Amino acid sequence: TPKQVLLYRALDRELPVFGHVPMIMGPDKKRLSKRHGAMSVLEYKKAGYLPQALNNYLVRLGWSYGDQEIFSTKELVEKFSLQNLSKSPCVFDPDKLIWVNSQHIKAASPQELDLHLQEFLEANGLPRSGGQYLCKVIPLLQPRARTLQEMAEWAAPFVRQDEDLVHDQKLLDKFLTTEVRQHLAEIASRLRELPEFDQSSLESCLSAYVEEAGIRFKLLAQPIRVALTGSKASPGLFETMEVLGRQSVVTRLEQAISKAGE
C-alpha cells in the first residue's frame with residue numbers, strides 16, 4: 001500500500017480509500033502458499049471450476065450475508081459491503097470450493113454450460129457435439145458433476161459414436177449372461193418398432209416386457225446400462241435412453257450382445 005500511495009501522489013491523483021480483506025490461511029492455519037497446493041486462476045479453470053463459482057467462494061472468504069452461501073455475480077455486486085467483512089483470518093477449504101462449484105453447475109443453464117463443456121470434451125479427446133444435442137445431455141449430468149472435468153467424463157458415452165463406445169469385457173461377461181442376452185435381443189426388436197421413443201413410452205415398453213417374461217426388471221437394468229454406456233453407473237436409465245435416441249440404443253444393445261457372446 002505505501003508504494004500505491006506514492007504512485008498516486010506522483011501522478012497528482014486523489015488517494016482512494018484502501019481496505020484489506022482478511023488474510024487467507026491454509027488448513028494448518030498458516031498463510032496460504034504453494035506448499036498448500038495453492039493454484040493460479042488458470043489452473044482452476046483447467047480443473048473445471050466455473051468463474052462465477054470461484055468468485056463466489058473467494059468473496060465468501062471473510063465476508064458474509066446472513067447464512068447465504070451461494071450467490072450469482074449480480075447478487076454479489078448488489079449485496080457486498082465492507083461492513084460485513086470479518087477481521088479474523090479465514091481458511092481456504094478445497095472441499096467447500098468443490099461444493100460451491102457443484103451448486104453453480106446445478107444452477108447454470110444447459111446453454112451456458114455447453115460453451116464451457118465443449119472445451120473439456122476436446123481436452124479429454126472426445127468429439128465436440130454440435131447443435132442442441134449437448135444441451136439435452138447436460139441436465140442428466142448436472143445433479144452429479146462437481147466440476148466441468150467430471151461432467152466431460154460423464155458425457156463420454158453420450159458423445160462417442162456408437163462404434164467407439166468402450167465396453168469392459170468383464171462387465172459384459174458378468175451382466176450379459178446367455179439368458180440376459182436373449183431378453184435384450186427381444187427388447188431391441190421391440191424398441192425398434194416403438195411408436196414413440198420418450199421416457200414414458202420406454203418405461204411402459206420395458207415394464208410390459210418384464211411382466212410378460214415373468215422376470216424382475218432388476219435382472220435387465222444393469223445389463224442395459226452397461227450395454228448403453230459401458231459403465232455400471234449412469235444417469236437415470238430411461239432418461240439416458242431417450243437422449244441417446246432409438247438408433248443408438250438399438251445399435252448399442254446389439255453390439256453388447258455380440259461382444260458378450262464372443
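Everything that follows concerns the structure shown earlier in this document.
In this text, all values refer to a predicted model and were calculated from it rather than measured experimentally. (Residues numbered from 1 in each chain as written. Predicted model: local features only at pLDDT ≥ 70, side-chain atom pairs only at ≥ 80, totals over all residues. Heavy atoms only, no water.)

Draft legend 1. Local environment of the overall build of the chain. What the chain contains, in helices and strands, is 14 helices and 2 strands. Here the C-alpha atoms of the chain give a radius of gyration of 25 Å, more than 25% beyond the 18 Å that 2.2 N^0.38 yields for 262 residues. The dimensions of the chain, computed from C-alpha atoms along their principal axes, are 85 × 35 × 30 Å. Within the chain, the proportion of its 262 residues that are buried is 40%. (Helix = DSSP H or I, 4+ residues; strand = E, 2+ residues; numbered from the N terminus. Rg over C-alpha atoms; globule rule 2.2 N^0.38 Å. Buried < 20%, exposed > 50% of the residue type's maximum accessible area, 1.4 Å probe, protein only.)

Draft legend 2. Layout of the environment of Ala-123. Residue placement: Ala-123 occurs in helix α6 (residues 110-123). For Ala-123, a relative accessible area of 66% corresponds to the exposed category. For the pair formed by Ala-123 and Lys-79, sequence separation is 44 residues and the distance between their alpha carbons is 37 Å.

Draft legend 3. Focus on the nonpolar core. Membership of the largest hydrophobic core comes to 66 residues, with the highest contact counts inside it found for Leu-184, Leu-191, Leu-220 and Leu-253. Among the elements that make up this core, the one with the highest residue count is helix α8 (residues 148-159) (7 residues). In this view, Leu-220 contacts Val-180, His-183, Leu-184, Ile-187, Tyr-209, Val-210 and Ile-215; residues no more than four positions away in its chain are not counted. (Core = buried A, V, L, I, M, F, W, Y, C linked by side-chain atoms within 4.5 Å. Contact = heavy atoms within 4.5 Å.)

Draft legend 4. Region of interest: the pattern of salt bridges. One pass over the full model with this rule turns up 9 salt bridges. For the salt bridge of Arg-190 with Glu-186, the shortest nitrogen-to-oxygen distance reads 2.9 Å. Of this pair, Arg-190 and Glu-186 are both found in helix α10 (residues 178-193), 4 residues apart, which corresponds to roughly one turn of the helix. Exposure remark for Glu-186: the relative accessible area of 31% places this residue in the partly exposed category. Here Glu-254 makes a salt bridge to Arg-192, at a shortest N to O gap of 2.3 Å. Placement of the pair is Glu-254 in helix α14 (residues 246-260) and Arg-192 in helix α10, with a sequence separation of 62 residues. On the accessibility criterion, Glu-254 (39% relative accessible area) is partly exposed. Residue Arg-192 is classed as partly exposed on the basis of its relative accessible area, which comes to 37%. Salt bridges sharing common partners tie together Arg-60, Glu-69 and Lys-96. (Salt bridge = Lys/Arg side-chain N within 4 Å of Asp/Glu carboxyl O.)

Draft legend 5. Expanded view of the packing of α10 against helix α12 (residues 218-229). Two numbers describe how α10 lies on α12: the axes approach to 10 Å, and their chain directions differ by 75°. One element, α10, and the other, α12, form an angle in the roughly perpendicular class. Of α12, the residues touching α10 (which contributes Glu-179, Val-180, His-183, Leu-184 and Ile-187) are Leu-219, Leu-220, Pro-223 and Ile-224. Within the contact of α10 with α12, the residues separate by chemical class into 7 nonpolar, 1 polar and 1 charged. (Axes fitted to C-alpha atoms, helices over the stretch in contact; angles between N-to-C directions. Parallel < 35°, antiparallel > 145°, perpendicular 65-115°, else oblique. Nonpolar A, V, L, I, M, F, W, Y, C, P; charged D, E, K, R; others polar.)

Draft legend 6. Molecular detail of the side chain of His-167. Its place among the elements puts His-167 in the loop between α8 and α9 (169-175). Residue classification places His-167 among the buried positions, given a relative accessible area of 12%. Within the structure, His-167 has its side chain in polar contact with the backbone oxygen of Ala-227 (distance 2.9 Å). The residues contacting His-167, other than those within four sequence positions of it, are Leu-172, Val-226, Ala-227, Gly-230, Ala-256 and Lys-259. (Polar contact = N/O pair within 3.5 Å; in protein donor to acceptor, adjacent residues only side chain to side chain.)

Draft legend 7. Fine view of the side chain of Asn-56. Residue placement: Asn-56 occurs in helix α3 (residues 51-60). A polar atom in the side chain of Asn-56 sits 2.8 Å from the side chain of His-104. Among all residues touching Asn-56, those that are not within four sequence positions of it are Glu-69, Ile-70, Phe-71, Leu-76, Val-100 and His-104.

Draft legend 8. Highlighting the packing of aromatic side chains. Taken as a whole and judged by the stated rule, the model has 8 aromatic pairs. Aromatic pair Tyr-44 and Tyr-49: ring centres 5.4 Å apart, planes at 80°, arrangement edge-to-face. Tyr-49 gets classed as buried once you look at its relative accessible area, which sits at 13%. Aromatic pair Tyr-57 and Phe-92: ring centres 5.4 Å apart, planes at 90°, arrangement edge-to-face. You can see Tyr-57 sitting in helix α3 and its partner Phe-92 sitting in the loop between β2 (90-91) and α5 (94-107), a full 35 residues away along the chain. The same class applies to Tyr-57 as to Phe-92, namely buried. An aromatic cluster is defined as three or more aromatic residues linked by ring pairs; in this entry it consists of Trp-63, Tyr-65, Phe-71 and Phe-80. Sitting over the face of the ring of Trp-154, Arg-144 holds its NZ or CZ atom 4.5 Å from the ring centroid. (Phe/Tyr/Trp six-rings, centres within 6.5 Å; stacked < 30°, edge-to-face > 60°. Lys NZ or Arg CZ within 6 Å of the ring centre and 35° of its normal.)

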